[in-house]
Amino acid sequence: TGSVTQMLKSQLKKEMVEAMKAGDQLKRMVLGMLLSSIKNKELNKRGPLSQTIIDPVKLEEACQLTDEEVLEVIASEVKKRKDSVEQFKAGGREDLAQQEQSEINVLGSYLPEQVGEEEIKKEIQAAVTQMGAKDPKDIGKVIGAVMSKLKGRVDGGLVSKLVKEALS
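To start, this report covers the structure provided alongside it. (Residues numbered from 1 in each chain as written. Predicted model: local features only at pLDDT ≥ 70, side-chain atom pairs only at ≥ 80, totals over all residues. Heavy atoms only, no water.)

Secondary structure assignment for the protein yields eight helices and zero strands. Written out in order from the N terminus, the α and β elements of the protein read α-α-α-α-α-α-α-α. Taking the principal axes of the C-alpha coordinates as reference, the protein spans close to 50 × 50 × 25 Å. Contacts in the protein between residues far apart in sequence, at least 24 positions, make up 62% of those at least 6 positions apart. When the accessible surface of the protein is split by element, carbon and sulfur atoms take 54% of a total near 10300 Å². Treating the 27 positive side-chain charges of the protein as one cloud and the 27 negative ones as another, the clouds have centres 2 Å apart. (Helix = DSSP H or I, 4+ residues; strand = E, 2+ residues; numbered from the N terminus. Contact = heavy atoms within 4.5 Å. Areas by Shrake-Rupley, 256 points an atom, 1.4 Å probe, with all protein chains shown as cover. Lys, Arg positive; Asp, Glu negative; His and termini not counted. Charge placed at Lys NZ, Arg CZ, Asp CG, Glu CD.)

Attention shifts here to the pattern of salt bridges. A side chain of one charge can pair with a side chain of the opposite charge when the charged atoms of the two come close. For the coordinates displayed, the defined rule picks out 15 salt bridges. Taking the shortest distance from any N to any O, the salt bridge between aspartate 135 and lysine 137 comes out at 3.7 Å. Three or more residues are tied together by salt bridges with common partners; here these are Glu77, Lys80, Arg81 and Glu103. (Salt bridge = Lys/Arg side-chain N within 4 Å of Asp/Glu carboxyl O.)

Moving on to helix α1 (residues 7-22). With 16 residues, α1 should reach 22 Å at 1.5 Å per residue; the first-to-last C-alpha distance of 22 Å fits that figure. By the burial criterion, the buried members of α1 are Leu8, Lys9, Leu12, Glu15, Met16 and Ala19. For α1, the buried positions fall inside an angular range of 125° around the axis, keeping them on one side. Turned more than 90 degrees away from the buried face of α1 sit Met7, Lys14 and Lys21, all of them exposed. Structurally, α1 contributes buried residues whose contacts are with α2 (25-49) and α4 (67-90). One or two positions beyond α1, positive phi appears at glycine 23, with a value near 75°. (Expected span 1.5 Å × (residues − 1). Buried < 20%, exposed > 50% of the residue type's maximum accessible area, 1.4 Å probe, protein only. Arc of directions from axis to C-beta.)

So, on to the nonpolar core. Core analysis: the largest hydrophobic core is formed by 20 residues, its most contacted members being Leu12, Leu34, Ile38, Val70 and Ile74. When residues of this core are traced back to their parent elements, those giving at least two are α1, α2, α4 and α5 (94-108). In this structure isoleucine 38 touches Lys9, Leu12, Leu65, Val70 and Val73, once residues within four positions along its chain are discounted. Counting residues in each nonpolar core, the second largest holds 16 residues, with Val128, Ile139, Ile143 and Val146 among its members. (Core = buried A, V, L, I, M, F, W, Y, C linked by side-chain atoms within 4.5 Å.)

The next point concerns the packing of α4 against α5. At a closest axis distance of 8 Å, the pairing of α4 and α5 adopts a crossing angle of 160°. Relative to α5, the element α4 is oriented roughly antiparallel. The hand of the α4/α5 crossing is left-handed. Note on element contacts: α5 touches α4 through Glu94, Leu96, Ala97, Glu100, Gln101, Glu103, Ile104, Leu107 and Gly108, opposite Ile74, Glu77, Val78, Arg81, Lys82, Ser84, Val85, Phe88 and Lys89. Taken together, the residues that form the contact of α4 with α5 break down as eight nonpolar, three polar and seven charged. (Axes fitted to C-alpha atoms, helices over the stretch in contact; angles between N-to-C directions. Parallel < 35°, antiparallel > 145°, perpendicular 65-115°, else oblique. Left-handed = near helix turned anticlockwise from the far one by under 90°. Nonpolar A, V, L, I, M, F, W, Y, C, P; charged D, E, K, R; others polar.)

Right, here's the structure in full:
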């Protein structure tokens with residue numbers, strides 16, 4: 001784990017221990033779940049790699065997630081919780097929606113600063129111009145281009161909505 005690309009994972013582990021010592025139950029629980037999700041993703045990565053890498057040390061290194069992959073896991077966890085917030089609010093369970101929102105706040109502190117709607121619209125415009133996209137059949141290509149450029153810093157649902165508006 002001395003690799004530069006895995007600094008975020010070791011930071012998460014360190015902060016979970018600090019949260020335990022400080023008695024911060026919410027942060028400890030959220031980071032514990034996040035580290036479990038990261039471990040699961042590493043195990044999924046290991047399967048195919050174990051067919052080609054025989055050396056156990058090299059296999060272990062190859063299975064470790066990069067910081068970028070860890071950020072993808074965090075973004076995925078945030079998205080799951082945002083979906084839950086909407087469902088809980090629709091079901092009249094404000095208490096559970098608040099709990100999920102608290103978890104989103106903890107997770108969000110590890111994501112890069114999110115890009116605002118205006119900047120997303122500029123990126124969409126640039127992609128549309130660059131690709132010569134004109135109609136709804138180009139939506140997927142434009143979303144793909146914008147998401148790869150702003151990876152980890154935008155909500156995919158918002159990008160999708162704004163691209164559809166731009167191309168309809």
